[in-house]
Amino acid sequence: QVQLVESGGGFVQAGGSLRLSCAASGSILSINAMMWYRQAPGKQRELVAHITGGGRTNYADSVTGRFTIARDNGKNTVYLQMNSLKPEDTAVYYCNAILTSQGSDSLRGYWGRGTQVTVSS
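Residues numbered from 1 in each chain as written. Predicted model: local features only at pLDDT ≥ 70, side-chain atom pairs only at ≥ 80, totals over all residues. Heavy atoms only, no water.

## Looking at the overall build of the chain
The secondary structure content of the chain amounts to zero helices and eleven strands. Listing the helices and strands of the chain from first to last along the sequence gives β-β-β-β-β-β-β-β-β-β-β. Relative to the compact-globule value of 14 Å for 121 residues, the chain shows a C-alpha radius of gyration of 14 Å, a close match. Once the C-alpha set of the chain is aligned to its principal axes, its extents read approximately 50 × 25 × 25 Å. Sequence separation of 24 or more characterises 56% of the internal contacts of the chain that already satisfy a separation of 6 or more. (Helix = DSSP H or I, 4+ residues; strand = E, 2+ residues; numbered from the N terminus. Rg over C-alpha atoms; globule rule 2.2 N^0.38 Å. Contact = heavy atoms within 4.5 Å.)

## Things to note about the pattern of salt bridges
Throughout the structure, instances matching the rule amount to three salt bridges. The residue Arg 38 makes a salt bridge to Asp 89 at a minimum N-O spacing of 2.9 Å. One end of the pair, Arg 38, is in strand 4 (residues 28–39); the other, Asp 89, is in the loop between strand 8 (77–82) and strand 9 (91–101), and 51 residues separate them in sequence. Across the salt bridge formed by Arg 66 and Asp 89, the nearest N and O atoms sit 2.8 Å from each other. Of this pair, Arg 66 sits in the loop between strand 6 (57–59) and strand 7 (67–72) while Asp 89 sits in the loop between strand 8 and strand 9, placing them 23 residues apart in sequence. A relative accessible area of 11% means that Arg 66 is categorised as buried. (Salt bridge = Lys/Arg side-chain N within 4 Å of Asp/Glu carboxyl O. Buried < 20%, exposed > 50% of the residue type's maximum accessible area, 1.4 Å probe, protein only.)

## Re the sheet that holds strand 8
Pairing in this open sheet of four strands is antiparallel, and the strands run 1-3-8-7 from one edge to the other. One side of each edge strand has no neighbouring strand; the edge strands of this open sheet are strand 1 (2–7) and strand 7. When the angles between neighbouring strand axes are averaged without regard to direction, this sheet yields 15°. Across six bridges, strand 7 lies against strand 8 in antiparallel orientation. Looking across to strand 8, one finds that Ala 70 is bridged to Tyr 79. (Pairing = 2+ DSSP bridges. Axes fitted to C-alpha atoms, helices over the stretch in contact; angles between N-to-C directions.)

## Regarding the packing of aromatic side chains
Any two aromatic rings considered together are summarised by their centre-to-centre distance and by the angle between their planes. Counted according to the given criterion, the structure contains two aromatic pairs. Ring centres 6.5 Å apart and planes at 85° place the aromatic pair Tyr 94 and Trp 111 in the edge-to-face group. Note that Tyr 94 is positioned in strand 9 and Trp 111 in strand 10 (residues 108–111), a separation of 17 residues in sequence. With relative accessibility at 40%, the residue Trp 111 sits in the partly exposed group. An aromatic cluster of at least three residues, connected via ring pairs, comprises Tyr 37, Tyr 94 and Trp 111. If you follow Arg 19 out to its NZ or CZ, it ends over the ring of Tyr 79, 4.1 Å from the centre. One Lys or Arg, Arg 45, reaches over the ring of Tyr 94 and ends 3.7 Å from the middle of that ring. (Phe/Tyr/Trp six-rings, centres within 6.5 Å; stacked < 30°, edge-to-face > 60°. Lys NZ or Arg CZ within 6 Å of the ring centre and 35° of its normal.)

## As for the state of the cysteines
Going through the model one piece at a time under the given rule, you end up with one disulfide. Each disulfide pairs two cysteine sulfurs, and for Cys 22 the partner residue is Cys 95, the sulfurs being separated by 2.2 Å. Negative torsions about the S-S bond denote left-handed disulfides, and the value of about -80° found for Cys 22 with Cys 95 makes this one left-handed. Placement of Cys 22 in strand 3 (residues 18–26) and of Cys 95 in strand 9 is noted, with a sequence separation of 73 residues between them. In this structure, Cys 22 and Cys 95 share a single accessibility class: buried. (Disulfide = S-S within 2.5 Å.)

So this is what it looks like as structure tokens:
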């Protein structure tokens, strides 16, 4: 069993900051990539940031320069530091991890349940 649990969401005024965390637990052997997605009401889920096992990062154009993704491999945790938040950043933020676990020979993707981020103007 593998679980991903997000935390750190909340309500913030425009221009403020939040830090999201996502901890993976269970029978994990190794984690490849870790990602943050978000989904606003009435919109499709979109990729926000991506980090490889080696620490290479990639961001959506809409958050480049404002958001930073990082990971702690020893804790199986990925973070998303969000600065200069805008009302259009309001969404449920989901963590996704590509990993191998005990009893499985292949990489699989796992999702967290999401954490709400609300930015007021």
